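Results of the structural survey
As a plain string of letters, each chain reads:
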Amino acid sequence: MTWLDKISPCVRVVGAEAYEAGWVEPMRVIYEHELVLFEDGDFMMEIGGVKYPCPKGSFIVVPPGVWHLSRMLSGSGGRRRWIHFDWIFQTSATDLPLMTFWPRPPKANLLRPAPDWVPPPVMHGVNVLHAPMVDLHDRLNKLWNSGTNHDRALCRGLLLQLLVEVLDDDTQAHEQT
């Protein structure tokens, strides 16, 4: 049994967007985890003062409670996809803020850390994103944003599949830092 056998992820927010050259996302803290998939272009993420190159085909998992920002490095722009999630069910996230922007301090009592058995907080890998993962994210994004309870319940299974595809050492080589 691996740590991935223990997860039962809960989706919070799903999206995808194309970005123009020079785009910078402001410094912020999130309250749950975020899986970011870099579909096209070259990005850089700074998480807790550490810079992570995020070229096309890479992923990163951003932990809660850590200051981070994203930058578009490609002169031609790029596209990224994201999912905010909890590794396992936690109480309702209805009143949970999505993020807090610098310099305002986050509400520490609302942070949703990973269970102790989840590996180090920042997981990062390059050359792992392939077409079936993009299709999974497209389905997840469409279902989640349709808003029906039935469709949103289906998203948990899709997120589990996507996380296993991205993070399973048996099928994908990735680095953890």
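Residues numbered from 1 in each chain as written. Predicted model: local features only at pLDDT ≥ 70, side-chain atom pairs only at ≥ 80, totals over all residues. Heavy atoms only, no water.

Examining the nonpolar core
Core analysis: the biggest nonpolar cluster contains 29 residues, and Leu35, Phe59, Ile83, Trp87 and Leu167 have the highest contact counts within it. Secondary structure elements with two or more residues in this core: β1 (10-19), β3 (33-40), β6 (58-62), β8 (78-86), α1 (131-146) and α2 (149-167). Every residue in contact with leucine 35, bar those within four places of it in the chain, is listed here: Phe59, Ile60, Val61, Arg81, Trp82, Ile83, Phe85, Leu162 and Leu163. Of all hydrophobic cores here, the second largest spans 14 residues; its members include Phe38, Ile60, Met72 and Trp82. (Core = buried A, V, L, I, M, F, W, Y, C linked by side-chain atoms within 4.5 Å. Buried < 20%, exposed > 50% of the residue type's maximum accessible area, 1.4 Å probe, protein only. Helix = DSSP H or I, 4+ residues; strand = E, 2+ residues; numbered from the N terminus. Contact = heavy atoms within 4.5 Å.)

Some thoughts on the pattern of salt bridges
Evaluation of the coordinates by the stated rule reveals eight salt bridges. Linking arginine 81 and aspartate 138 is a salt bridge whose minimum nitrogen-to-oxygen distance equals 2.7 Å. With arginine 81 in strand β8 and aspartate 138 in helix α1, this residue pair connects regions lying 57 residues apart in the sequence. Taking relative accessible area as the criterion, arginine 81 reaches 3% and is therefore assigned buried. One network of salt bridges, in which partners are shared, links Glu25, Arg28, Glu34 and Arg80. (Salt bridge = Lys/Arg side-chain N within 4 Å of Asp/Glu carboxyl O.)

Observations concerning the confidence of the model for the protein chain
Any residue range with low pLDDT should be treated as having predicted coordinates unsuitable for detailed reading. Residues with a pLDDT of 70 or more make up 95% of the protein chain, whose mean pLDDT is 92. Considering only residues more than four positions removed or in separate chains, one finds that residues 172-177, a stretch of pLDDT under 50, has 25 contacts. (pLDDT = per-residue confidence, 0-100.)

Some details on the pairing of strand β5 (residues 50-54)
Bridge analysis of strand β4 (residues 43-47) against β5 gives five bridges, and the strand direction is antiparallel. Each bridged residue has a counterpart across the sheet, and for phenylalanine 43 the counterpart in β5 is cysteine 54. Between β4 and β5, which pair antiparallel and follow one another directly, the connecting turn spans two residues, one of which, glycine 48, has a positive phi of 60 degrees. (Pairing = 2+ DSSP bridges.)

Details of the environment of arginine 28
Mapped onto the secondary structure, arginine 28 falls in strand β2 (residues 24-30). Since its relative accessible area comes to 2%, arginine 28 is described here as buried. C-alpha separation for the pair arginine 28 and proline 105, spaced 77 residues apart in sequence, amounts to 9.5 Å. Ignoring anything within four residues of it in the chain, the contact list for arginine 28 reads Glu34, Val66, Trp67, His68, His84, Met99, Thr100, Phe101 and Trp102. A polar contact of 3.3 Å, which involves the side chain of arginine 28, links it to the side chain of glutamate 25. A distance of 3.0 Å separates the side chain of arginine 28 from the side chain of glutamate 34, its partner in a polar contact. (Polar contact = N/O pair within 3.5 Å; in protein donor to acceptor, adjacent residues only side chain to side chain.)

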